[in-house]
Amino acid sequence: MKVVVCKNYEEMSVAAAKIIEEQINSKPESVMGFATGSTPVGMYTELAKDCSAGKVDFSKITAFNLDEYYPIAHSDENSYVYFMKENLFSKVNVDYSKTNIPDGEAKDAVAECEQYEKKIEKAGGIDLQILGIGKNGHIGFNEPDAKLYANTHLTSLTQSTIDANARFFESASLVPTKALTMGMATIMKAKKIVVLASGKDKKAAVSALLDDRITTDFPVSMLKMHSDVTLVCDEAAYMDL
Ligand code: F6R
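Residues numbered from 1 in each chain as written. Predicted model: local features only at pLDDT ≥ 70, side-chain atom pairs only at ≥ 80, totals over all residues. Heavy atoms only, no water.

Engineer: Teacher, can you tell me more about the sheet that holds strand β8 (residues 178–181) here?
Structural biologist: Strand pairing in a sheet relies on backbone hydrogen bonds, with the paired strands running either antiparallel or parallel. Ordered by their spatial adjacency, three strands build an open sheet running β4-β8-β7, and the pairing between neighbours is antiparallel. In the strand order of this sheet, the two ends are held by β4 (67–70) and β7 (153–156), each with one partner. On average, each strand axis in the sheet is inclined to that of its neighbour by 30°, with strand direction left out of account. One ladder, built from four bridges, connects β7 with β8; its direction is antiparallel. (Pairing = 2+ DSSP bridges. Helix = DSSP H or I, 4+ residues; strand = E, 2+ residues; numbered from the N terminus. Axes fitted to C-alpha atoms, helices over the stretch in contact; angles between N-to-C directions.)

Engineer: I'm lost on the pattern of salt bridges in this one. Help?
Structural biologist: Should their charged atoms come close, side chains of opposite charge can pair. Under the counting rule described, the total for this entry stands at eight salt bridges. For the salt bridge of D50 with K55, the shortest nitrogen-to-oxygen distance reads 3.8 Å. Because the salt bridges share partners, they merge into one network encompassing K27, D127 and K191. (Salt bridge = Lys/Arg side-chain N within 4 Å of Asp/Glu carboxyl O.)

Engineer: What am I meant to see in the site of the ligand here?
Structural biologist: Taken together, 14 residues sit near the ligand, with T39, D67, H138, G140 and K202 positioned nearest. At 2.5 Å, a side-chain N or O of D67 approaches an oxygen atom of the ligand. Separating an oxygen atom of the ligand from a backbone N or O atom of G140 is a distance of 2.8 Å. In isolation the ligand exposes 410 Å². Once the protein is present, 94% of that is buried. A molecule is said to occupy a pocket when more than half its atoms come within 2 Å of that pocket's grid points, and by this definition the ligand occupies the largest pocket. Per-class residue counts for the shell around the ligand are three nonpolar, eight polar and three charged. (Near = heavy atom within 4 Å. Polar contact = N/O pair within 3.5 Å; in protein donor to acceptor, adjacent residues only side chain to side chain. Areas by Shrake-Rupley, 256 points an atom, 1.4 Å probe, with all protein chains shown as cover. 1 Å grid on protein atoms, 1.4 Å probe; cavity = no way out; pocket = protein on both sides within 12 Å on 5 of 7 lines; lining within 4 Å. Sits in = over half its atoms within 2 Å of the grid points. Nonpolar A, V, L, I, M, F, W, Y, C, P; charged D, E, K, R; others polar.)

As structure tokens, this is what we get:
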């Protein structure tokens, strides 16, 4: 595993954006896997800036997001459709018809998950998947549990994730309790994976990625079985490990 430790959040964001740009510049039609949450926001800002400066061209990429709350309206400010539009898609020259996010408005969640998985396969698989980490070690919304799921599926969020995400809502009781998420195998099939982590809250999860354990208690620890993972984190997430 490659580990890039940056001084702070800003440097982490620049370093992560550089990796994405290298990917897209070397393969303009890359299939990109994107994440939401606070961690990648700075990276998306960098990408938008560099796209405006002509340093990277998103016009030929295909994008698949990791997850989405379920159910949720696309127009809801907390939906990941809204997040991606606000933070990246409206600021770069992406072809909207080639962006994909599990559909929080789907009537049949199971059918939606099956279709999503097939769409990724049909696109040729993900070239580079960006991941954040939950402080409980989740990736996507694959939450710590005795068993994990391979493919895109409907899942229940743990209380720890509901509490962590409550900061985006008026109260914890308004956080959706379910989500559609890529599964562990969907993520592991990506050719390259870049994991971002910032802040001391993520230390336990970063530690589970870097030590020798492979445990469903920390889904992120499974990434040790992937041959091309880069962790880009700041000192606060890494210090004393
Ligand atoms: C988001 C996602 C989640 C987040 C994780 C960390 O699409 O799949 O796994 O990456 O919850 O969130 P932040 O970055 O807000 O700490």
